[in-house]
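One letter stands for each residue in the lines below.
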Amino acid sequence: MLAPHIKKKVNELWNRFWAAGLTNPLVAVEQITYLLFLKRLEDIDLKRKQRGFSSIYAGYESCKWSYIRQEKTNPAHLIDVVFPWLRELDNHFSSSSDGTELASLNNRMADAYFQLDPNKGKVLSDAIDAIDQLFARAGEGSAAQDIMGDTFEYLLSEVATAGKNGQFRTPRHLIRFMVELLDPEPGQRVIDPAAGTGGFLFSTQQYLMRKFSAQDNLVLEWDGTPHRTDGAAATPEQYAAIHNGANFVGLDNDRTMARIGWMNLVLHDVTDPHLLQGDSLSKREGKVRLKELLEPGSYQFVLANPPFTGTVDSGDLEPDTALFPRVGGGGKKKDDSITNKSELLFLWLMLDLLDIGGRCAVIIPEGVLFGNTDAHVRLRRELLVEHVVEGVISLPGGVFQPYTGVKTSILIFRKVTRRDNKQSLPSNAAPLTEHVWFYEVEEDGYSKDAKRNPRPGQQNDLWDALIKFKAWIEQGRSGAKQNEKVLFQPAFHTERWRQATFRRQENGAEILTPAGEAFAELPDTNMWDGQVWGIHELFPELPADPKEAEDKIRSAAASVLLELAIQVITPAAKKAWDAMLVERLENKLSDAELLEAWKKAAKSAETEFKKQAREKESFFEKEDSPGLPIWKDLVKTALAEAQADTYVLGLLLSHQPPKVMTTHDIGQKLTEVACEVAKLDGFDVTLRSLAIGQQTQLKEAKHWVMPVRVWARNDEWKSADGQLIGSHDADGLVRPAYVEAILAEGLYNDKGVLKDDLLDSDCIEARDWNLSAGQYKPFDFTQLKSDKSVAELIGTLKTTEQDIIKGLDKLLAMVEGRE
């Protein structure tokens, strides 16, 4: 998680570019990303040289980040020197044998240009300083890389305008949810054919790292964001597969998006990322690399959120008839694709990309599930008849705010039938999907308005859906029946984290920070330095709960500071005592006058105490410092209580001389107390438990299961030999002989329309293969609010129905002239 002060710096960086004229959010992100990438390149080059490769900077040392820093007020250096070199970066190493992050560079920087106005040197200087400040605290190791990846993700989250053709950033908590639904393993290949900035790909890698991390080290934020993913439980082969870019394939039609996505994966430590610019739906002839990546049956998983509103030029569509169905028939358009709607074409593409047994989780607009065009119905029929639709998860209407209010669902399916074994639809064959699992998400952890504010610790149906979906996949209908009216949630708690920064570089030398001096008692600051830790981990004597930690520190510090304040002020009290000895003996001073004289005498001592306390503020963080206001409040309270302390007032008013007190070294003691209070610095974060085990009762089920094909009862049917009467037996099960007889005659007529009264009207096949969750949501009579019983209500409805029928009969008679 990025600390608030880092987010603040990123926002400032964004605003500086915006003010400099880069008002297109995507362009601004790209320009900032170039700077992040140039900083990362120096670290990549160091690793390459350690492996025996030549430097990419040979003859171009002025393109290093360390040199760019020296020219930070000179945009012309970037424009005229660095970026021409960057555009030809492929020429400075052999990608075929490289094996590093740069192996898949593939000329993608050929059109990289720095677009900042050459006269905006101050903006560039501020940007370079900001980037250096962001990562100076984390050193040059994995901590810096983690912050760089998180910073990039945060930059992307700030892009608040939609892209072309319905493209927009998929919320990361939804991506993580979808990845966890599919539960991939290392080495299994995943593709996103509309990859954008690579969110599904890096989240898959992140999930694999989480899955193979030491569970006692792993930490999850409230929304599922993993931290401290060490991969310790992975074998060397598994660990290599988790970082192998060949297992994470993405395509995007927008070259800028593809380049940003590729850099995103590089910044997240994916080696040789396979994220390229290319149109997944277009003709592949002459596009060797595109054809290679889109080879049918090449992937175990597809994860995607393809464009919703796009249409494809039919003339540019891949002509492979085994990929996209054709109109057919005998007309002029018989060889045209059945549709040019991108959301439907992408689903057929995903089916084609999957290997047998491969699975897909894809976000689709609700219209895909109930649309009645030939293409919509054919796609749903193919998914249900020839493959297995595992589930449909209905999402709330606001999940993609502020980009769009389109209602969406997550469709999960498994490929079963090879492309060369496709049936001629419609078919009498029993659908391979026997039942479909539906889930209705009402809360996803964010507000449903355009602001989409996070609601940590509150109900999030996604966690419940994960548990219920797993039970459905593993146990089928019996698993779906379990815990129908139980809501599963993780446990939540709050911790205070801080980025432990004990050293920094200054004028080429390493020096201790104030925090490094304050916490010198830590056994090995190198272990902690640059990493983000909970304050209870840095200081085991503190409780994990921030409020409890504050109370503990406050209590201990308050008593010591009060003692110090009294010690500082006591000489002033003694001075007032001695100066007014005669007046006191003669009772010439009132209590009020005595106290006023005392306050004047104490003023200089109070000022000196405040000064020394202010000097100790250097031990607190400049940002993310809840400890500093606590320190100030403690000092103020100590002085106020010291001046009102019964000891001092008793000394002045009861004519008793000062008592002997423990004498402290004020400066040293203030330092000790300030260091204790400084332990409270950091930022609060809501975390969730690894297990999703908290249970609460639901009023109505959030999931349900519907059959695809159910035979309607026909009590009039008789078998050919007259031995069997009725389509169903005494147990309500359909007779095989009845099914065989119906299929022999055909379920569908010559026009492909389902014949009447053969299937139960409530099953999915009878409803044009409709997969909209709301179509099948059970009605819970227990939630009905009425003073009548359910039986009475049904009786009323039947009476009303009969009255309506009588009225219609009368109306018909009038129309026909019979009345």
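Residues numbered from 1 in each chain as written. Predicted model: local features only at pLDDT ≥ 70, side-chain atom pairs only at ≥ 80, totals over all residues. Heavy atoms only, no water.

Trainee: Can you lay out the sheet that holds strand β15 (residues 532-534) for me, pointing to particular residues and giving the numbers?
Mentor: Overall, antiparallel pairing links the 5 strands, which are arranged β3-β2-β16-β12-β15 in an open sheet. The open sheet has two edge strands, β3 (226-227) and β15, and neither has a second partner. Pairing of strand β2 (residues 219-221) with strand β16 (residues 683-688) involves 2 bridges; the strand directions are antiparallel. Each bridged residue has a counterpart across the sheet, and for Glu221 the counterpart in β16 is Leu687. (Pairing = 2+ DSSP bridges. Helix = DSSP H or I, 4+ residues; strand = E, 2+ residues; numbered from the N terminus.)

Trainee: Explain the nonpolar core to me, and be specific about the residues and the numbers.
Mentor: Phe413 and Phe438 are the most contacted members of the largest nonpolar core, which totals 62 residues. A total of 9 residues in this core trace back to one element, the largest contributor, which is helix α12 (residues 342-353). Not counting residues within four places of it along the chain, the set of residues in contact with Phe438 comprises Val392, Lys702, His703, Trp704, Met706, Ile764, Leu771, Ser772, Ala773 and Tyr776. Counting 57 residues, the second largest nonpolar core, distinct from the first, contains Phe17, Ile128, Ile260 and Leu267. (Core = buried A, V, L, I, M, F, W, Y, C linked by side-chain atoms within 4.5 Å. Buried < 20%, exposed > 50% of the residue type's maximum accessible area, 1.4 Å probe, protein only. Contact = heavy atoms within 4.5 Å.)

Trainee: Which residues make up empty space enclosed by the protein, and what values go with them?
Mentor: Considering all chains together, one arrives at 3 cavities of 30 Å³ or more under this definition. Roughly 140 Å³ of volume is contained in the largest cavity. The wall of the largest cavity is formed by 16 residues, among which Arg176, Phe177, Glu180, Arg210 and Gly224 lie closest to the centre. Sorting the residues of the lining of the largest cavity by element identifies α7 (172-182), α8 (199-211) and α15 (461-475) as the ones contributing at least two each. Residue contributions to the lining of the largest cavity peak at 5 residues, all from α7. Residue classes in the lining of the largest cavity are distributed as 6 nonpolar, 5 polar and 5 charged. (1 Å grid on protein atoms, 1.4 Å probe; cavity = no way out; pocket = protein on both sides within 12 Å on 5 of 7 lines; lining within 4 Å. Points joined across faces, edges and corners; volume = space filled by probe spheres on them. Nonpolar A, V, L, I, M, F, W, Y, C, P; charged D, E, K, R; others polar.)

Trainee: Outline unusual backbone geometry, supporting the account with residue identities and numerical values.
Mentor: Among all residues save glycine, negative phi is the norm, and among peptide bonds the norm is trans. Even without a glycine there, the phi angle at Asp183 is positive, about 55°. Secondary-structure assignment places Asp183 in the loop between α7 and β1 (190-192). Classification of Asp183 as partly exposed rests on a relative accessible area of 35%. We note that Trp769 has phi near 60°; this positive angle belongs to a residue other than glycine.

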